[in-house]
Structure formats: C-alpha cells, structure tokens
Amino acid sequence: MSAVTPALTSSRDRSGSSSGKIIQPAWIRSLHWINAVAMIVMIMSGWQIYNASPLFDFVFPASITLGGWLGGALLWHFAAMWLLMVNGLIYLTLGFATGRFRRKLLPITAGGVVDDAKAALTGRLSHADLSTYNQVQKLLYVGIILVGIVIVLSGLSIWKPVQLQWLTAIFGGYDFARYVHFAAMASIVGFLIVHVTLAVLVPKSLRAMIIGR
Amino acid sequence: MGRIRSLLIPGVDKKMLVKDASRLMPDLTRRRFITGGASLGALTMLTGCDVVDSSSAEDLLKHVSKFNDAVQALIFNPNTLAPTFPESAITKPFPFNAYYSEDEAPEVDGEDYRFEVSGLVQNKKSWTLDELYKLPQVKQITRHICVEGWSAIGSWTGTPLRDFLKLVGADTTAKYCWFRCAEGYTSPIDMPTALHPQTQMTFKFADEILPRAYGYPMKIRIPTKLGFKNPKYVVSMEVTNDYKGGYWEDQGYNSFSGS
C-alpha cells in the first residue's frame, strides 16, 4: 500500500499542472453524471411500477413518478436499465483496472469509521484534502457500490424469474426478490439524501465532480 | 431560446397545457404514456430542453422496447422450464384479473363454441369443445406473474400447444401464433414460446373445468410469459408471419414480456 502512494501523488501533481490537481478525473465525472441520470429515471419509474401492486401500505405520489401509467413506467425502466448497467459495468471495470477502488476506498477499519463518524458529528472533520476520502465516506461508497450490484441483480431476477431462476432463487424466490429490490432502492434513496446534502454543504466537492478540480 | 418561442401565454408552456388537458381524458392519458405530471415538467426546466416531452422520446422508448423484444428472444431458452410447485403451494383464492370486472367477463356458451384455426396451417377446421377435450392433457402447477408485479401459483390442465400445432400441420417456422378472445382481446405469441413444452391450451383449473373467471372454455397458459400474454376466453388462433399487435401491446406493454 505505502509503496503506491508516492508514485501516485507525483503523477497527480503532473496532471494537475499549475491550475491545481485533478481530484475527479474526466472518466469518473462522466460516469458519475450518467449514473445520476440513469438512477433518477430508474427510481422514479420504479415508484410508478411499485404503485401498480404496492408491497406496503402506501403508494408514491404521482407527481414524483415517471411514465404516467404502468406501461409508460415499464418502458422508461427497461430503457434506463441499459444505461445503468452498461455505465455501471464500465465503472466497475475501470475502478478495478485503474486501481482506483483500492487506492480510494481501502483500507476501511472499524476504529477509523468510528473516529471519523465522531469527528463528523461534532463538526471537526476536515475537508481540506478532497482527494482522500475519510473512513465514513469510504464505507458509504463501498456500501453503495454493493447496493448498486444488488439492485441490478435483484431487478434481473424479477425480470427473468424463469430464464434466470437460479438468480431468483438466490434472492429468496420471486416474491421475496421484490422486497430485496425495494430495500436496495430505499438504501440508494437514503444514500442520495446524505450524498446531496453533503455535496451542498461542501460545494468544492460538487465543483470537483463537475470541473474536476 | 426555442423554449421562449414555444410559450403560448407568458410563463405557461403550451405543451404542458396539452398535457394537463389530456389528463382529463382517461383513455387518452393512458395512451399518452409519456405524460408523467409535474416531475417531467421539472426535468424539462432543469435541462432546458424537452427531453421527455416530445414524440421523439416516445419513439425512442418504443425502439428500445423492440430492442428488448430481440434481447429477450435471444435469452429465451426453449429447454428451460418454469419452476413447478406442489399442490400445497397453490394460491387460494387465485385472483381474477382483467381490464374489466369479474361480472363483465365474457360468458361463452360451450355448446356453440368453436375454436377457429387459420393462417399458415394445413388443417383449418374449427374445433368443438368436445373435440378439444379429447386431446391428451397434462397438468402443471406454476407461478403466474402479473405485469403489475404480483404473482400467484395455480394449477392448469390442458393440451401442450406444440402438440396441437403439430396436429393441425402448422408452419412452425412462422413467427407468431396470434390469439383472439371472446371479448375482442388479442395477443401475439412468438413461435419459440408457442412451442415451449409448458405452453398449454388450458381447459381445467385446479382439476375442474375452467371457470368463467379464469377463461372458460379455453385459456392459453404460458408460464414463461407475464400474465397478460396468457389470453383467456380464446376463440381463435392464426399462425402468421405478420406482427398483428395486441390489446396491451398496442398501448405500450413490451410485446415479448418473457419471464
């Protein structure tokens, strides 16, 4: 681990030149915003689909759903799924291939998460260096990547419970897989609320995701 | 700037006015399946262009749906069987579901009933119910999955459609079996699915003659497809290479809708 860091820092310094170092490279920025669009379309159309046969004692207000009716929502959902899946696969491939995941998201330690969570809640967490994630960020980012994988796989298992019946079985059968898919959506929405709030509280992190530095 | 020109009344987007008006007409609203209410308007304003309003968005979604038909046909394995269940797993009561209420369901007279067979088949004779009942039957207990998301396990008994297609000398290289129902409902089934061993001309539910609620006198049971691709009250089948559309397919449901 430690051998990686100096080489990395110098390469970043070079690419950054005089106008400040690149915090979010261009490929991350494009994948991030494509994912944001795909996710929002999937969630809003998914709510409309949910309303056709609710799992719980509530439905989503029509004003926050996409598609107008079940058929329209399904068209949106099964179109945006390609964007989400292809974009997500590119992200995972590049994340592993470039070593970004290992560099940015590891290591995570229980003690580190507790310390950084305490610091964050008492307003003492530093945001001076945006190129390094704190332990809570690392945990949430790893978590949301895993949830992203679960929501795609559980979605596929609901879409193809005969052809992919082994996958449906992994998610506890067709009916249970719907709850898994819903829970994954709820986790992503929860993440989004925290993620967007923090991006607004630390605007330079939002700027870095738009212009890179 | 294009947005400014599209404003009929200052501050009011005429396209959104049309959307609002169309929402007052139930049938039209359903057909205009892109209409999504305020959220779409908000998205339009955010991006500054009519990403989701124009008919081009509708066209794009329809193209992707056709692409999804092709992908699903590719994924479809003719030898993969839908999971089967024990009698104890059967959902009771099994739900009635249609775009009309149960008391509006067709009442077909079994005496007068004729199953019409047409298109690319050698023997175009019509079949009485007695003749159909004499065909060899098999039983399946499988999961019915509705496009709405819910599912229910039922017991269906009848003749494998592929045996019937062979019997009438159907051209099984044709693309579709197109079914018509007593109330006018229609649905096209792709030939590979029609030939799937579990695709069935169903005459019985839970070992009893198919009740009116479940499609008397004949339902096409296809456990590899969503419920709306399992037509009830079936009165005719045409073997054809032409895509003839269907009741829900024409309104925007994905045509393959395989499970």
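Please read all numbers here as calculations on a predicted model, not as lab measurements.

S.K.: I'd like a rundown of the overall build of chain B, residues and numbers included.
M.R.: Looking only at helices and strands, chain B has 8 helices and 11 strands in total. For chain B, the proportion of its 259 residues judged to be buried stands at 51%. Taking as baseline every contact in chain B between residues at least 6 positions apart, the subset at least 24 positions apart corresponds to 66%. Approximately 12400 Å² of chain B is accessible, and the part contributed by carbon and sulfur atoms is 56%.

S.K.: How would you sum up the overall build of chain A? Please name residues and give values.
M.R.: Across its full length, chain A holds 9 helices and 0 strands. Along chain A, from the amino end to the carboxyl end, the secondary structure elements read α-α-α-α-α-α-α-α-α. The buried share among the 213 residues of chain A stands at 43%. Here the contacts in chain A between residues at least 6 apart in sequence split such that 67% fall between residues at least 24 apart. A total of about 11000 Å² of accessible surface is found on chain A, and carbon and sulfur atoms cover 73% of it.

S.K.: Tell me about a nonpolar patch on the surface, and name the residues and values.
M.R.: All names here are of chain A. A cluster of nonpolar side chains, contributed by W33, L206, I210 and I211, occupies part of the molecular surface with about 360 Å² of accessible area. Looking at the nonpolar patch element by element, the count peaks at 3 residues for helix 9 (residues 203–211). Assignment of secondary structure puts I210 in helix 9.

S.K.: Can you tell me about a negative patch on the surface, naming the residues and giving the values?
M.R.: There is a patch of like negative charges on the surface, built from D109, E111, D112 and D130 of chain B. Structurally, D112 of chain B can be placed in the loop between helix 5 (55–75) and strand 3 (116–119).

S.K.: Account for empty space enclosed by the protein, with residues named and values stated.
M.R.: Here the structure, examined in full by the defined rule, presents 2 cavities of 30 Å³ or more. In terms of lining residues, the largest cavity is bounded by 46 residues, among which I49, H77, F78, I158 and H181 of chain A are the most central. Those elements giving two or more residues to the lining of the largest cavity turn out to be helix 2 (26–52), helix 3 (70–97), helix 6 (135–159) and helix 8 (174–201) of chain A together with helix 5 of chain B. Here the lining of the largest cavity gets 9 residues from one element, more than from any other, and that element is helix 3 of chain A. Grouping the constituent residues of the lining of the largest cavity by class yields 30 nonpolar, 14 polar and 2 charged.

S.K.: Can you tell me about the interface of chain A and chain B, naming the residues and giving the values?
M.R.: Of the residues lining the interface, 31 residues belong to chain A; the matching set on chain B comes to 39 residues. Between chain A and chain B, a total of about 2800 Å² is buried, with carbon and sulfur atoms accounting for 66% of that surface. Summed over the three residues of chain A that lose the most area to chain B, namely W69, L75 and Q163 of chain A, the buried surface amounts to 26% of that side. Counting across the chain A and chain B interface gives 1 salt bridge. Across the pair D175 of chain A and R143 of chain B runs a salt bridge, and its minimum N-O distance is 3.3 Å. Applying the counting rule to chain A against chain B returns 10 residue pairs in polar contact (both at pLDDT 80 or more).

S.K.: So, helix 5 (residues 110–121) of chain A: which residues are in play, and what are the values?
M.R.: Residue and element names in this part refer to chain A. Its 12 residues give helix 5 an end-to-end C-alpha distance of 17 Å, which sits within 8% of 16 Å, the value for a rise of 1.5 Å per residue. What helix 5 keeps buried is the set G112, V113, D116 and A119. End-on view of helix 5: buried residues confined to an arc of 130 degrees, all on one side of the axis. In this structure, helix 5 carries A110, K118 and L121 as exposed residues pointing more than 90 degrees from its buried face. On the buried face of helix 5, the contacting elements are helix 6. In the segment just after helix 5, G123 is the residue with positive phi, at about 70 degrees.

S.K.: Give me the lowdown on the pairing of strand 4 (residues 138–145) of chain B, citing residues and values where you can.
M.R.: Residues and elements named next belong to chain B. When you tally the buried positions in strand 4, you get 6 out of 8 residues, the bulk of the element. As paired strands, strand 4 and strand 5 (residues 151–160) are joined by 8 bridges and run antiparallel to one another. Looking across to strand 5, one finds that I145 is bridged to S151. The turn linking strand 4 back onto strand 5 is made up of 5 residues, and G149 within it adopts a positive phi angle of 120 degrees.

S.K.: Pulling in residues and values, what's your account of the sheet that holds strand 11 (residues 234–240) of chain B?
M.R.: Residue and element names in this part refer to chain B. The mixed open sheet is built from 4 strands, whose spatial order is 3-11-6-7. The open sheet has two edge strands with one neighbour each: strand 3 and strand 7 (186–190). Across the sheet, the mean angle separating the axes of adjacent strands is 20 degrees when strand polarity is ignored. Note: strand 6 (residues 176–181) against strand 7, 5 bridges, orientation antiparallel. Each bridged residue has a counterpart across the sheet, and for Y176 the counterpart in strand 7 is D190.

S.K.: Quick one: what's the story with the packing of aromatic side chains, residue by residue and with numbers?
M.R.: If you walk through the whole model with that rule in mind, you get 36 aromatic pairs over all chains. With centroids separated by 6.3 Å and ring planes inclined at 65 degrees, the aromatic side chains of F76 of chain B and F256 of chain B adopt a geometry described as edge-to-face. Highlighted residues: F76 of chain B in the loop between helix 5 and strand 3 and F256 of chain B in the segment after strand 11, separated in sequence by 180 residues. Look at W156 of chain B and F205 of chain B: their rings are 5.6 Å apart centre to centre, the planes differ by 75 degrees, and that puts the pair in the edge-to-face class. Separated by 49 residues along the polypeptide, W156 of chain B in strand 5 and F205 of chain B in strand 8 (residues 200–205) bring together distant segments of the chain. Among the aromatic side chains, those forming a connected cluster through ring pairs are W69 of chain A together with F96, Y99, Y100, Y185, F228, Y247, W248 and Y253 of chain B.

S.K.: Could you give an account of the side chain of Q48 of chain A, naming the residues involved and the relevant values?
M.R.: Residues and elements named next belong to chain A. Along the chain, the position of Q48 falls in helix 2. Taking relative accessible area as the criterion, Q48 reaches 13% and is therefore assigned buried. If sequence neighbours within four positions are ignored, Q48 has contacts with T65, L66, G68, W69, L70 and A73.

S.K.: Break down the confidence of the model for chain B for me, citing the residues and quoting the values.
M.R.: The pLDDT averaged across chain B works out to 86; a share of 79% of its residues lies at or above 70. Predicted confidence is poor over residues 16–49 of chain B, with pLDDT under 50, and the contacts of this stretch with residues over four places away or in other chains come to 55 contacts.

Cut-offs applied
- Residues numbered from 1 in each chain as written.
- Chains lettered and ligands numbered in written order.
- Predicted model: local features only at pLDDT ≥ 70, side-chain atom pairs only at ≥ 80, totals over all residues.
- Heavy atoms only, no water.
- Helix = DSSP H or I, 4+ residues; strand = E, 2+ residues; numbered from the N terminus.
- Buried < 20%, exposed > 50% of the residue type's maximum accessible area, 1.4 Å probe, protein only.
- Contact = heavy atoms within 4.5 Å.
- Areas by Shrake-Rupley, 256 points an atom, 1.4 Å probe, with all protein chains shown as cover.
- Patch = residues over 30% accessible without salt bridge, like charges linked within 9 Å, V, L, I, M, F, W, Y side chains within 5 Å.
- Salt bridge = Lys/Arg side-chain N within 4 Å of Asp/Glu carboxyl O.
- Lys, Arg positive; Asp, Glu negative; His and termini not counted.
- Charge placed at Lys NZ, Arg CZ, Asp CG, Glu CD.
- 1 Å grid on protein atoms, 1.4 Å probe; cavity = no way out; pocket = protein on both sides within 12 Å on 5 of 7 lines; lining within 4 Å.
- Points joined across faces, edges and corners; volume = space filled by probe spheres on them.
- Nonpolar A, V, L, I, M, F, W, Y, C, P; charged D, E, K, R; others polar.
- Buried area = accessible area lost by both parts, 1.4 Å probe.
- Polar contact = N/O pair within 3.5 Å; in protein donor to acceptor, adjacent residues only side chain to side chain.
- Expected span 1.5 Å × (residues − 1).
- Arc of directions from axis to C-beta.
- Pairing = 2+ DSSP bridges.
- Axes fitted to C-alpha atoms, helices over the stretch in contact; angles between N-to-C directions.
- Phe/Tyr/Trp six-rings, centres within 6.5 Å; stacked < 30°, edge-to-face > 60°.
- pLDDT = per-residue confidence, 0-100.

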